[in-house]
Amino acid sequence: MATAFKTVEPLEYYRRFLKENCRPDGRELGEFRATTVNIGSITTADGSALVKLGNTTVICGVKAELAAPTADSANKGYIVPNVELPSLCSTRFRSGPPGEEAQAASQFIADVIENSQIIAKEDLCIANGKLAWVLYCDIICLDYDGNILDASAFALLAALKNVQLPSVTINEETGSSEVNLKQKNPLIIRKHPVATSFAIFDDTLLIVDPTAEEEDLATGTVTIVTDDEGKLCSVHKPGGSPLTGAKLQDCITRAITRHKEVKKLIDKVIKSIKPK
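A brief report on the enclosed structure follows. Source: prediction; values computed, not measured.

**Points about the layout of surface pockets**
Taking a probe equal in size to a water molecule and rolling it over the atoms shows the remaining empty space.
No. 1: Its volume calculated, the largest pocket comes out at about 420 Å³.
No. 2: Considering the residues around the largest pocket, the lining is formed by 22 residues, among which Glu 101, Leu 149, Glu 215, Thr 221 and Pro 238 are closest to the centre.
No. 3: Where the lining of the largest pocket is concerned, the elements lending two or more residues are helix H3 (100-116), helix H4 (148-162), strand S9 (194-201), helix H5 (212-217) and strand S11 (220-226).
No. 4: Its residues assigned to classes, the lining of the largest pocket comprises nine nonpolar, nine polar and four charged.

**A look at the pattern of salt bridges**
No. 1: Under the counting rule described, the total for this entry stands at 17 salt bridges.
No. 2: Put simply, Asp 202 and Arg 15 hold a salt bridge, and the shortest N to O gap is 2.9 Å. With Asp 202 in the loop between S9 and strand S10 (205-208) and Arg 15 in helix H2 (residues 10-18), the pair connects residues that are 187 residues apart, well separated along the chain.
No. 3: A salt bridge links Asp 123 to Arg 190, with the nearest nitrogen and oxygen atoms 2.9 Å apart.

**Some points on the packing of aromatic side chains**
Aromatic ring pairs are described here by two measures, namely the spacing of the ring centres and the angle between the planes.
No. 1: Counted according to the given criterion, the structure contains two aromatic pairs.
No. 2: With a centroid separation of 5.1 Å and 90 degrees between ring planes, the pair formed by Phe 93 and Tyr 144 is classed as edge-to-face. Residue Phe 93 is found in the loop between strand S4 (78-84) and H3, and its partner Tyr 144 is found in the loop between strand S6 (131-143) and H4; the two are separated by 51 residues along the sequence.
No. 3: Under the relative-accessibility criterion, Phe 93 is labelled buried at 11%.
No. 4: With relative accessibility at 6%, the residue Tyr 144 sits in the buried group.
No. 5: The side chain of Arg 258 reaches across the aromatic face of Phe 32, ending 4.0 Å from its centre.

**Things to note about H4**
Note: α-helices contain 3.6 residues per turn, so residues at a spacing of three or four share the same orientation.
No. 1: An ideal rise of 1.5 Å per residue puts 21 Å on 15 residues; H4 measures up with 21 Å between its terminal C-alpha atoms.
No. 2: Burial within H4 is extensive, with 14 of its 15 residues counted as buried.

**Details of H3**
No. 1: An ideal rise of 1.5 Å per residue puts 24 Å on 17 residues; H3 measures up with 24 Å between its terminal C-alpha atoms.
No. 2: Among the residues making up H3, those that are buried are Ala 102, Ala 105, Ser 106, Phe 108, Ile 109, Val 112, Ile 113 and Ser 116. Down the axis of H3, the buried set is contained in an arc of 160 degrees. They therefore lie on one face.
No. 3: Here the buried face of H3 lies against S4, S6, H4, S9, S11 and strand S12 (232-236).
No. 4: With its phi angle positive at about 55 degrees, Gln 117 sits one or two positions after the end of H3.

**Brief notes about the packing of H4 against helix H6 (residues 245-273)**
No. 1: Across the interface, H4 lies against H6 with an axial gap of 11 Å and an inter-helix angle of 35 degrees. Helix-helix and strand crossings are classified by hand; for H4 and H6 the assignment is right-handed. Where H4 approaches H6, its residues Phe 154, Leu 157, Ala 158 and Lys 161 are matched on the opposing element by Val 262, Leu 265, Ile 266, Asp 267 and Ile 270.
No. 2: Across the contact of H4 with H6, the residue classes break down as seven nonpolar, no polar and two charged.

**Quick notes on the environment of Val 112**
No. 1: Looking at the secondary structure, you find Val 112 in helix H3.
No. 2: Aside from chain neighbours lying at most four places away, what touches Val 112 is Gln 117, Pro 193 and Val 225.

**Observations regarding a nonpolar patch on the surface**
No. 1: On the surface, Leu 66, Val 179 and Leu 181 cluster together to form a nonpolar patch covering roughly 260 Å² of accessible area.
No. 2: Its place among the elements puts Val 179 in strand S8 (residues 177-186).

**Some words on the packing of H3 against H4**
No. 1: Look at H3 against H4: their axes get within 10 Å of each other, and the N-to-C directions meet at 45 degrees. If you check the angle between H3 and H4, you find them oblique. Here H3 and H4 pass one another in a crossing that is right-handed. Between H3, through Glu 101, Ala 105, Phe 108, Ile 109 and Ile 113, and H4, the contact on the second element is made entirely by Ile 148, Leu 149, Ser 152, Ala 153 and Leu 156.

**Here we look at empty space enclosed by the protein**
No. 1: Counted under the stated rule, the structure contains one cavity of 30 Å³ or more.
No. 2: Estimated volume of the largest cavity: approximately 70 Å³.
No. 3: What lines the largest cavity is simply Val 51, Leu 53, Asp 150, Ala 151, Phe 154, Val 194, Ala 195, Arg 258 and Val 262.
No. 4: Elements with a minimum of two residues in the lining of the largest cavity: strand S2 (47-53), H4, S9 and H6.
No. 5: With three residues, H4 is the single largest residue contributor to the lining of the largest cavity.

Basis of the calculations
- Sequence order as written defines the numbering, with residues in each chain counted from 1.
- Thresholds applied to this predicted model are a pLDDT of at least 70 for local features of residues and 80 or more for the giving and counting of side-chain atom pairs; totals over whole chains, interfaces and linings are not thresholded and use all residues.
- Hydrogens and water are ignored here; the side-chain numbers use all heavy atoms of the structure.
- Space inside and on the surface of the protein is sampled on a 1 Å grid over the protein atoms alone, with a cavity defined as a set of points where a 1.4 Å probe fits but cannot get out and a pocket as an open set with protein on both sides within 12 Å along at least 5 of 7 lines; lining residues have an atom within 4 Å of a point.
- Grid points are joined across faces, edges and corners, and a volume is the space filled by probe spheres set on the points.
- Secondary structure follows DSSP: runs of H or I at least 4 residues long count as helices, runs of E at least 2 residues long count as strands, and numbering of each begins at the N terminus.
- Under the convention adopted here, Pro, Cys and the residues Ala, Val, Leu, Ile, Met, Phe, Trp and Tyr are nonpolar, Asp, Glu, Lys and Arg are charged, and Gly plus all remaining residues are polar.
- We count a salt bridge whenever a side-chain nitrogen from Lys or Arg sits within 4 Å of a carboxyl oxygen from Asp or Glu.
- When two rings of Phe, Tyr or Trp (its six-membered ring) have centres within 6.5 Å they constitute a pair, described as stacked for plane angles under 30 degrees, edge-to-face for angles over 60, and tilted for the intermediate range.
- For every residue, the accessible area (1.4 Å probe, protein chains only) is compared with the maximum for its type, and the residue is labelled buried under 20%, exposed over 50%, or partly exposed between those bounds.
- Two thresholds decide whether a charge sits over a ring: the Lys NZ or Arg CZ must be within 6 Å of the ring centre and within 35 degrees of the ring normal.
- Under the convention used throughout, the expected extent of a helix is 1.5 Å for every residue step, that is, one less than its residue count.
- Each direction from the helix axis to a C-beta atom contributes to the arc, which is the arc of those directions.
- Contact definition: two residues touch when any of their heavy atoms are within 4.5 Å.
- Lines are fitted to the C-alpha atoms to define the axes, a helix being fitted only along its stretch in contact, and any angle between axes, read from their N-to-C directions, falls within 0 to 180 degrees.
- For any pair of crossing helices, the crossing counts as left-handed if the nearer helix is rotated counterclockwise from the farther one by less than a right angle, and right-handed if it is rotated clockwise.
- Residues enter a patch when their relative accessible area is above 30% and they make no salt bridge; the linking distance is 9 Å between like charges and 5 Å between nonpolar side chains (Val, Leu, Ile, Met, Phe, Trp, Tyr).
- Areas reported as accessible are Shrake-Rupley estimates using a 1.4 Å probe. Residue values count occlusion only from the protein chains shown.
- In what follows, roughly perpendicular refers to angles from 65 to 115 degrees, roughly parallel to angles under 35, roughly antiparallel to angles over 145, and oblique to any angle outside these ranges.

Following this line, the structure appears as structure tokens:
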């Protein structure tokens, strides 16, 4: 009976749970799904991480290449993010060129990198005006069940913390670059941005970490990105229901708490894989 009711009136089905301050999957309104991270999953990448947020599974691989910096940014390297939502992760996506949601996610990640200053691009410069690192960050969704932005931002951060770049010097006589693969150094991660997403129900009710089903039924979504100091890096709100100042402040407060949980989880995993 409940299954039939959910099929015919999915929104009303959800509202009955929300009135009791819980959700059909058993979570409270402010409760996140179980979150796990595995670092160094792809051995062929320079850095990688696999993140699971409930059923939503995302993998991020970072490949580093050498390139000449642009004339107007002679002392800076590049970070090039790309989010893929292939047809294998959900029936809602089709094979072919990236869809609207994948493009929006890629732009969101690019904005997070820029606004948070997770890495100073000057740190990627090897020789001013001659040589710099380019970091290609490919984020691929393996299983889609909502909240792709939180999972992607988390996977990116964990993968960047796993990156080891070889030492590169420029030979003064020949002008060619010499790469020492035996001597590798980690990236300097200056900030740790963490995204926290909320779905808005009936224009007033906020629930955290929405599933794909909840996102479809919601009247809007909002994603808050904060850094280590509790500062706001970005607010991503693609239309939908408006939020009052008080509700937005509530979201920011919850996002700061979530940041501490995620940072603690990453630190714990990194500590466990470091050689004794």
